[in-house]
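# Fold and geometry: a report
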Number of protein chains: 2
Amino acid sequence: MASDWEIFYKQTFPPLEFDNVCERLRRWCQYHAAHKHKVALVTSGGTTVPLERNTVRFLDNFSVGTRGAASCEQFLQLGYAVVFVHREASVLPFARHLHPARVLDALAGLRPLVRCYRKAVLGDMLLAIPFSSLTSYLWYLRAVCECLEQETRHAPAALYLAAAVADYYIPEEKLSEHKLESCTGPLSIELELVPKMLLPMMNVWSPSLYVVSFKLETDVTKLLTKAKAALHKYGHHLVVGNLLQTRREQVTLVEPSSLCNKIHSASGEKSLSTSTTDEFSVETHILQLSDDNRSAGLEIEERIVMEICSRHESFIKNRCS
Amino acid sequence: MASDWEIFYKQTFPPLEFDNVCERLRRWCQYHAAHKHKVALVTSGGTTVPLERNTVRFLDNFSVGTRGAASCEQFLQLGYAVVFVHREASVLPFARHLHPARVLDALAGLRPLVRCYRKAVLGDMLLAIPFSSLTSYLWYLRAVCECLEQETRHAPAALYLAAAVADYYIPEEKLSEHKLESCTGPLSIELELVPKMLLPMMNVWSPSLYVVSFKLETDVTKLLTKAKAALHKYGHHLVVGNLLQTRREQVTLVEPSSLCNKIHSASGEKSLSTSTTDEFSVETHILQLSDDNRSAGLEIEERIVMEICSRHESFIKNRCS
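Below, the structure is looked at part by part. All values reported here derive from a predicted model rather than from experimental measurement. Along each chain, numbering runs from 1 in the same order as the chain's sequence is written. Chains and ligands are labelled sequentially in the order written, the chains with letters from A and the ligands with numbers from 1. Given that the model is predicted, a residue must reach a pLDDT of at least 70 before its local features are reported, and side-chain atom pairs must reach 80 or more before they are shown or counted; all residues, however, enter totals for whole chains, interfaces and linings. Where side-chain values are given, they derive from all heavy atoms of the structure, hydrogens and water being excluded.

This brings us to the pairing of strand 6 (residues 158–161) of chain B. Of the two faces of strand 6 of chain B, both are covered, the one formed by A158 and Y160 of chain B as well as the one formed by L159 and L161 of chain B. Should DSSP find at least two bridges between two strands, the strands are regarded as paired. Under the DSSP-based scheme used, a helix requires at least four consecutive residues in state H or I and a strand at least two consecutive residues in state E, with every element numbered from the N terminus. As defined by bridge partners, strand 1 (residues 39–44) of chain A adjoins strand 6 of chain B across four bridges and the pair is classed as parallel. Each residue of the ladder has a partner; that of T43 of chain A, found in strand 6 of chain B, is L161 of chain B. As paired strands, strand 6 of chain B and strand 9 (residues 210–217) of chain B are joined by four bridges and run parallel to one another. In the sheet register, L161 of chain B faces strand 9 of chain B, and the bridge partner there is S213 of chain B. Using a 1.4 Å probe on the protein chains alone, a residue whose accessible area is under 20% of its type maximum counts as buried, one over 50% counts as exposed, and one in between counts as partly exposed.

A few words now on the sheet that holds strand 7 (residues 168–169) of chain B. Taken in spatial order, the four strands of this open sheet run 7(A)-8(A)-8(B)-7(B), and their pairing is antiparallel. This sheet does not close on itself; its edge strands, each paired only once, are strand 7 (168–169) of chain A together with strand 7 of chain B. Here strand 7 of chain B runs beside strand 8 (residues 187–193) of chain B; their pairing, made up of two bridges, is antiparallel. Paired with Y169 of chain B across the strands is E192 of chain B, a residue of strand 8 of chain B.

Okay, the pattern of salt bridges next. All names here are of chain B. Here, a salt bridge means any side-chain nitrogen of Lys or Arg that lies within 4 Å of a carboxyl oxygen of Asp or Glu. Taken as a whole and assessed by the stated rule, the structure comprises 19 salt bridges over all chains. The partner of K196 in a salt bridge is D167, and the shortest N-O contact between them spans 3.7 Å. Of the two residues, K196 sits in the loop between strand 8 and helix 7 (198–205) while D167 sits in the loop between strand 6 and strand 7, which places them 29 residues apart along the sequence. Of the residues examined, D167 reaches a relative accessible area of 14% and is grouped as buried. When the shortest N-O distance is used, the salt bridge between E217 and K226 registers 3.4 Å. Relative accessible area serves as the criterion here: at 22%, K226 is assigned to the partly exposed category.

Attention shifts here to helix 2 (residues 18–34) of chain A. Along an α-helix, residues three or four positions apart point the same way, because every turn accommodates 3.6 residues. A helix is expected to reach a length of 1.5 Å times the quantity of its residues less one. End to end, helix 2 of chain A covers 24 Å across 17 residues, agreeing with the expected 24 Å (1.5 Å per residue, within 8%). Among the residues of helix 2 of chain A, F18, V21, L25, W28, C29, H32 and A33 of chain A are the ones counted as buried. Buried positions in helix 2 of chain A, seen along its axis, are confined to an arc of 135 degrees and lie on one side of it. Along helix 2 of chain A, exposed side chains directed more than 90 degrees from the buried face belong to D19 and A34 of chain A. Where helix 2 of chain A is buried, its residues touch strand 1 and strand 4 (81–87) of chain A together with strand 5 (126–131) and helix 6 (134–151) of chain B. K36 of chain A sits one or two residues past helix 2 of chain A and shows a positive phi near 55 degrees. An arc is given here, and it is the one of the directions from the helix axis to the C-beta atoms. We call two residues in contact whenever any of their non-hydrogen atoms come within 4.5 Å of each other.

Here it is in structure tokens:
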């Protein structure tokens, strides 16, 4: 009878680059064996547990990989050759000492970037508020909405809600106090729906602001239907629809037709399609980067924000006139 | 009757720095209102869903915050003042252009760090293998163990397993193909236990290597019992025990007493306590940083690795003599 770990490897596939990595590993090991170096494997960072094949959500844990990265440095310091198996985007040896947010203060040679950064800092144009849990996020969200509603009457603010907010959560009273035991067999997690905050946002917290939400799907057939339903239900101004698979090169702007009469797109083009199957109709506008654009280093966010700002401009004019 | 979002805020507490942040936010808004700047809120990155109050595990999602950060830059470019509500440690505006792993190649002024890095690079002393999912991790783990078993006979390698590996996972065949629908009410997730890979590691993949595992708990009373049980069950060499709350300043090394006769600690001290309640006994050795150590910038990993290397040295001598 096969044991559980054997079954695991039978039921799963190796990572994409697996064979190449193994080949590189072998040559690396042989090199160090020839030089009689001591070798250590350091594993580092948390592993994720996908909930879908096209992974949007996964189970994760607290680890950012500091212990592994710091330990790796120490092994190297002591003359070891190290295989460092680490979570993608986790803390890296040596590089971890340079906090990305502080590097720009010290670095020369990146003039335009540094100029943008300096300008933002000198003008106090950027206020960064970090969050990690859903709860923190939702608390800050309401606070910011309420504050902007009150303080931006000169030009009602735009809300550009790009955060990937969890759909499900476990209410405080159902959370276990300590680490769940892993020796007690299978685990069943009961999750509850996170309230849709666009409703109070549009009706209570910030009814005067320009609100753009994001909708990410993996199934293209659902994207427009869901974007339209959201606009109809919450009454906000625009949904940026995107597919997980193509989100870096294509998005679809979806907005109520009633708004499009007043607000024109930045490019002046007519919207690409109109949906008028029932009383509430929307117009869509596809933004796309060509392969040439991409290899020239263009990012689609430049286009998205250009379009949003143009609409926001008109929105402000309508409100303040 | 209170609506679901009202109940949410009634049942949760605001983040720690909430009042201060709100006060800063208000002053910031007033400043920009006085200067008639346009203002945008950009939210960015994924929110986590804790499964425990002392959070070890949480639900997370794919987002690293690129869209939010890139969009934020564009808003600033267009003259906006931006409130950027972002996931901690997510991608940051401007700073995101500097990949931490590449900065060291360009940067001067950090001599000792750069020297260590250069040395590691020039000597090809570091081989980095990234992973993200549990499956990728476990595939690489086995491959590395098998390779090191075969290729480090000159000095059997040390395995320093610091990665925070998920205890539970959802088998491939039970994963839903597309994003789970969030409109269908509560969600129940059935998770299965991840096989304990120390068993095949010690018996099949790499029986000749020196193996150090990590055990993280939030409940101090369970730490030693579990470390001892693991050593007894898997037959590896050392468990580094640590508590989530104090993991940066204290760890406990736990090892079978039978090994301690052969292998001495780096500091030459006697182990601090011995447990001999039954046939299998362990010795423990506490490593601790004082507040002075911490404020001098010392990291506990330096001590941990020093101790491990000393033991590994003896282990190699015993094996190869």
